[in-house]
Amino acid sequence: MDRVRDIEQFIEEVPPIQIHLTRLITQRGHCPHCGWVRTTHPMQMSLSSGCAKVQLGPMALALAADLKHRIGLTYRKLCSVLRLLGLSVSAGGLAQALARVARKLSCGNKTDAGRCTWQILSSLATTCSQRTHPFTGLVAAAMPLSAPLPSLPAVKG
Ligand SMILES: [Zn+2]
């Protein structure tokens, strides 16, 4: 055989999907002067405990916000995608989580949640897209409880 040449190929594969679970322990106690007080952890996403003690992390929330508000998935489809990734979330839980994302990203502006979530997140996703700023990076950075309020491209409308 002559004129032998190498043929190069690449195969791209998604990494194995494995949920990264972080267990946080904070403390709560009663002070005779201040009443009930509690400690916080820098990675904490909210102060919820009890049935809301399992929360989505910053990247999971960012992905959910992007799929919902930039890609346009319905909550049911979004649940299906997140379940493929091993996250068990309900449509209602996601709606609440994304309302919290919208409140945080609109600088703590306590807007009438459901109605404004879509406007705020869609507007931010669009602005990020126009400025080639990664929307998921923006959301992920802003979401931990300890994160400072983000400086963002202005929300239109
Ligand atoms: Zn005290």
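The rules we used
- Per chain, residue numbering runs from 1 following the sequence as it is written.
- Residue-level local features of this predicted model are given only where pLDDT is at least 70; pairs of side-chain atoms are given and counted only at 80 or more, and the full residue set underlies all totals for whole chains, interfaces and linings.
- Numbering of helices and strands starts at the N terminus; helices are DSSP runs of H or I of at least 4 residues and strands are runs of E of at least 2.
- In this scheme the burial state of a residue depends on its C-beta neighbours within 10 Å: 20 or more other such atoms mean buried, 12 or fewer mean exposed, and anything in between means partly exposed; the C-beta positions come from the backbone.
- Any pair of residues counts as being in contact when their C-beta atoms, constructed from backbone geometry, are within 7 Å of one another.
- When buried Ala, Val, Leu, Ile, Met, Phe, Trp, Tyr and Cys residues are joined through C-beta atoms within 7 Å, the set is termed a nonpolar core.
- Two strands are said to pair when DSSP picks up at least two bridges between them.
- Confidence of the predictor in every single residue is expressed as pLDDT, which spans 0 to 100.
- Whenever a helix is involved, its axis is fitted only over the stretch in contact; in every case the axis is a line through C-alpha atoms, and angles between N-to-C directions fall within 0 to 180 degrees.
- Our angle categories are set so that under 35 degrees counts as roughly parallel, over 145 as roughly antiparallel, 65 to 115 as roughly perpendicular, and the remainder as oblique.
- Crossings are assigned a handedness: left-handed for a near helix turned anticlockwise from the far helix by less than a right angle, right-handed for a clockwise turn.
- All amino acids are sorted into three groups, where Ala, Val, Leu, Ile, Met, Phe, Trp, Tyr, Cys and Pro are nonpolar, Asp, Glu, Lys and Arg are charged, and the leftover types, Gly among them, are polar.

Per the secondary structure count, the chain includes five helices and two strands. Mapped from its N terminus to its C terminus, the chain presents α and β elements in the order β-β-α-α-α-α-α. The buried share of the chain, reckoned over its 157 residues, is 21%. Of all intrachain contacts in the chain linking residues separated by at least 6 positions in sequence, the fraction that spans at least 24 positions is 52%.

A general trend in soluble globular proteins is that nonpolar side chains are found buried together. Membership of the largest hydrophobic core comes to 27 residues, with the highest contact counts inside it found for Leu-61, Ala-64, Ala-65, Leu-98, Val-101, Leu-121 and Val-139. Contributing elements (two or more residues each) for this core: α1 (58–71), α2 (75–84), α3 (91–105), α4 (113–130) and α5 (135–142). Among the elements that line this core, the one with the most residues is α3, at seven residues.

Attention now goes to the pairing of strand β1 (residues 28–31). The pairing of β1 with strand β2 (residues 35–38) spans four bridges and is antiparallel. Looking at the pairing, Cys-31 lines up with Gly-35 of β2. The antiparallel pairing of β1 with β2 creates a hairpin that spans three residues between the two strands.

Here the focus is the confidence of the model for the chain. On average, residues of the chain carry a pLDDT of 83, and 86% of them reach 70 or more. At the low end of the mean pLDDT range in the chain sits α4, at 74; at the high end sits β1, at 94.

Residue position: Leu-78 is located in helix α2. Here the alpha-carbon distance between Leu-78 and Lys-68, two residues ten residues apart in the chain, equals 6.8 Å.

Two packed helices can be described by the angle between their axes and the distance between those axes. Contact geometry for α1 and α5: axes closest at 8 Å, N-to-C directions at 135°. The angle between α1 and α5 falls in the class oblique. At the point where α1 passes α5, the crossing takes the right-handed sense. Contact with α1, carried on its side by Pro-58, Met-59, Leu-61, Ala-62, Leu-63, Ala-65, Asp-66 and Arg-70, involves Phe-135, Thr-136, Val-139 and Ala-140 of α5 and no other residues of that element. Per-class residue counts for the contact of α1 with α5 are nine nonpolar, one polar and two charged.

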